[in-house]
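Residues per chain, in single letters:
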Amino acid sequence: MDAPVRDRYDAVVVGARCAGAATAMLLARAGMSVLLFDRDRRGADTLSTLAMMRAGVLQLRRWGLLEQVRAEGAQAILSTSFIYGDETITVPIKPRDGVDALFAPRRTVLDRLIADAAAAAGADVRHGPRLVDLVRDAGGRVTGVTIEDRESVLHTIAAGIVIGADGLRSTVARIAEAPIYHQGRHAAGVVYAFWHGLENQGNRWHYRPRVSAGAIPTNAGDTCIFVAMPGSRFQDEVRLDMEAGYRRVLSECAPALAAELSVMQPTERFRGFPGHPGQMRQSHGPGWALVGDAGYFKDPITAHGISDALRDAELLARAAAQGSDRAMTEYQATRDALSRELFEITDAIAGFEWDLESLKPLHLNLSRTMNDEVEALLALDRSAPADANPPGHARRPAP
Ligand SMILES: Cc1cc2nc3c(=O)[nH]c(=O)nc-3n(C[C@H](O)[C@H](O)[C@H](O)COP(=O)(O)OP(=O)(O)OC[C@H]3O[C@@H](n4cnc5c(N)ncnc54)[C@H](O)[C@@H]3O)c2cc1C
């Protein structure tokens, strides 16, 4: 890796996927000097079933990135079907606020596009270095990072703020000793694979007692199909032979889909996630902040992590550009206000203690919280300008 071009930045962002890349892009668009780095290579894949909610797609549209997502081959998703046993309820995606379809881009595409947009906005973007430590002043305030490059050379970089967008097992959170103040009770196990050549029928979410499955059209004519189950079943029965477990759970939950796949092979290997309970962490302190899964993680069963990361990137970028403790406190309060109900609903769905009738009101409440989230994002356009502006639009001066 080439060393970062400067030895001090207004902001250093650790982790260059959806949360970190978007935060860096917005800070750079606001005129701040930004270092964005990730230990993974540019365009590397990560565990994800890829579905984005309207709020996430809206963020891409507001930031001027949605056309690139389309151009890179993400299929347009025109409806969402909830399939409760044998009952199907299909909801078309209504065109509004510049969003006429949902998209589920591969992470090899989405994270790269946003990191490239950060670079285009002026951020110094590095793939390869790994955060090893935070630097503090005598008063304990975080004032920079120590990073190790691929040649094992250490670099110390000063920062006005260090932002941990380094995922569920965040190093920034660990070193900053960011406490977890709310935890979920449940964790679902997930197995997924990509299948080529299936008809695009929109997003399809299947539910039967103690199992769920989903089909999500993505890039290159592929469909991501996942199965989810209580974490204990994943551990006891599925973990050691994921293909057999996947096909068995799918045939319980969506028998017609399982039959269609029974004569096919996936385009890539089966991938599994054993589950992890949701958690909310203190997400700011003197000289540091957390965004994305690093600060707030919920079970993937409601497919909301990417959309929330894009939402919170903007909330944090606005707060960090203001730079006051009050703005940072408001960032976390707004994130939590928009997330708390979704978090509880997600935890309840991940617990698999529902039956098909008690699941429906959970989904209705989920839909209501998602509408609130979209309204909150649209309200940002009516408040302070600038951070969301795509290249070529007016920028705020450096704070
Ligand atoms: C099985 C599964 C399925 C999912 N499906 C969906 C879905 O359908 N829809 C959805 O919205 N969400 C889904 N999610 C959740 C979603 O993937 C996450 O919410 C999202 O990836 C969070 O993004 P992030 O940028 O916060 O962190 P991450 O994507 O975790 O990225 C963190 C980055 O930080 C880097 N990093 C970590 N430590 C260091 C270090 N010390 N130095 C340098 N770099 C570091 C890592 O290399 C990584 O690239 C799913 C998750 C799982 C596990």
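Residues numbered from 1 in each chain as written. Predicted model: local features only at pLDDT ≥ 70, side-chain atom pairs only at ≥ 80, totals over all residues. Heavy atoms only, no water.

Moving on: helix α11 (residues 356-382). For α11, spanning 27 residues, the distance from its first C-alpha to its last is 40 Å, which sits close to the expected 39 Å at 1.5 Å a residue. Looking at the buried positions of α11, the neighbouring elements they touch are α2 (54-62), β3 (79-84), β4 (87-92), β11 (203-208), α9 (305-322) and α10 (325-350). (Helix = DSSP H or I, 4+ residues; strand = E, 2+ residues; numbered from the N terminus. Expected span 1.5 Å × (residues − 1). Contact = heavy atoms within 4.5 Å.)

Another aspect to go through is the sheet that holds strand β18 (residues 296-297). Strands sit in the order β9-β15-β18 across an open sheet of three strands; the sheet is antiparallel. The open sheet has two edge strands, β9 (180-183) and β18, and neither has a second partner. As defined by bridge partners, β9 adjoins strand β15 (residues 279-281) across three bridges and the pair is classed as antiparallel. By the bridge assignment, Gln183 is partnered in β15 with Gln279. (Pairing = 2+ DSSP bridges.)

All right, on to the site of the ligand then. As a structural note, the neighbourhood of the ligand is formed by 30 residues, with Asp38, Thr49, Ala51, Asp293 and Ile306 the closest of them. Arg39 is positioned such that a nitrogen or oxygen atom in its backbone is 3.2 Å from a nitrogen atom of the ligand. At 3.4 Å, a backbone N or O of Ala303 approaches an oxygen atom of the ligand. When the ligand sits alone it has 1000 Å² of accessible area, and the protein chains cover 93% of it. Of all the cavities here, the one that holds the ligand is the largest pocket. Elements that contribute at least two residues to the shell around the ligand include exactly α1 (18-29), β2 (34-38), β6 (130-136) and α9. (Near = heavy atom within 4 Å. Polar contact = N/O pair within 3.5 Å; in protein donor to acceptor, adjacent residues only side chain to side chain. Areas by Shrake-Rupley, 256 points an atom, 1.4 Å probe, with all protein chains shown as cover. 1 Å grid on protein atoms, 1.4 Å probe; cavity = no way out; pocket = protein on both sides within 12 Å on 5 of 7 lines; lining within 4 Å. Sits in = over half its atoms within 2 Å of the grid points.)

Applying the stated criterion across every chain yields a total of 33 salt bridges. Measuring nitrogen to oxygen at the nearest pair gives 2.9 Å for the salt bridge that ties Arg17 to Asp40. Taken together, the residues Arg17 in the loop between β1 (8-14) and α1 and Asp40 in the loop between β2 and α2 connect sequence positions 23 residues apart. For Arg17, a relative accessible area of 15% translates into the label buried. Look at Asp40 and you get partly exposed, because its relative accessible area is 31%. Here Asp111 ties to Arg107 by a salt bridge, and the two come within 3.0 Å at their closest N and O atoms. Of this pair, Asp111 and Arg107 are both found in helix α4 (residues 107-120), four residues apart, which corresponds to roughly one turn of the helix. Across this residue pair, the class does not change: Asp111 and Arg107 are buried. When salt bridges with common partners are traced through the structure, they connect Lys298, Asp308, Arg311, Asp312 and Glu373 into a single cluster. (Salt bridge = Lys/Arg side-chain N within 4 Å of Asp/Glu carboxyl O. Buried < 20%, exposed > 50% of the residue type's maximum accessible area, 1.4 Å probe, protein only.)

Turning our eyes to something else, we now look at the sheet that holds β4. Taken together, seven strands build an open sheet; the order of strands is β4-β3-β11-β12-β13-β10-β14 and the sheet is mixed. Edge strands, defined here as strands with exactly one partner in the open sheet, are β4 and β14 (271-273). Put simply, the sheet's adjacent strands are angled 15 degrees from each other on average, direction ignored. Pairing analysis gives nine bridges linking strand β10 (residues 188-196) to strand β13 (residues 222-230), with the strands arranged antiparallel. Within β13, the position partnered with Tyr192 by the bridge is Phe226. Across the sheet, helix α6 (residues 231-238) is in contact with β10, β12 (211-217), β13 and β14; its angle to β13 comes to roughly 100 degrees. (Axes fitted to C-alpha atoms, helices over the stretch in contact; angles between N-to-C directions.)

Here the focus is empty space enclosed by the protein. Taken as a whole and assessed by the stated rule, the structure comprises two cavities of 30 Å³ or more. One number sums up the size of the largest cavity: a volume of about 90 Å³. As for the largest cavity, its lining consists of Ala16, Arg17, Asp38, Asp40, Arg41, Arg42, Gly43, Ala44, Asp111, Arg112, Ala115 and His127. Ranked by the residues each element gives to the lining of the largest cavity, the list is headed by α4, at three residues. Partitioned by chemical class, the residues of the lining of the largest cavity number three nonpolar, two polar and seven charged. Within this model, the second largest cavity holds a volume of roughly 30 Å³. Among the residues forming the lining of the second largest cavity, the class breakdown is one nonpolar, three polar and three charged. (Points joined across faces, edges and corners; volume = space filled by probe spheres on them. Nonpolar A, V, L, I, M, F, W, Y, C, P; charged D, E, K, R; others polar.)

Turning to the packing of aromatic side chains, a few remarks are in order. On inspection of all chains with the given rule, the structure shows ten aromatic pairs. Ring centres 6.1 Å apart and planes at 70 degrees place the aromatic pair Trp195 and Phe270 in the edge-to-face group. Here Trp195 is found in strand β10, whereas its partner Phe270 is found in the loop between α8 (255-261) and β14, with 75 residues between them in sequence. Phe270 matches Trp195 in its accessibility class, with the two residues each being buried. Centroid distance Tyr207 to Trp354: 6.0 Å. Interplanar angle 80 degrees. Geometry classified as edge-to-face. Linking Tyr207 in strand β11 with Trp354 in the loop between α10 and α11, this pair joins segments that are 147 residues apart in sequence. Judged on exposure class, the residue Tyr207 and its partner Trp354 are both buried. Three or more aromatic residues link up through ring pairs in this structure, and these residues are Phe82, Tyr84, Tyr207, Phe352 and Trp354. In this arrangement the basic side chain of Arg106 is found over the ring face of Phe194, its NZ or CZ atom lying 3.8 Å from the centre. One Lys or Arg, Lys360, reaches over the ring of Tyr84 and ends 5.3 Å from the middle of that ring. (Phe/Tyr/Trp six-rings, centres within 6.5 Å; stacked < 30°, edge-to-face > 60°. Lys NZ or Arg CZ within 6 Å of the ring centre and 35° of its normal.)

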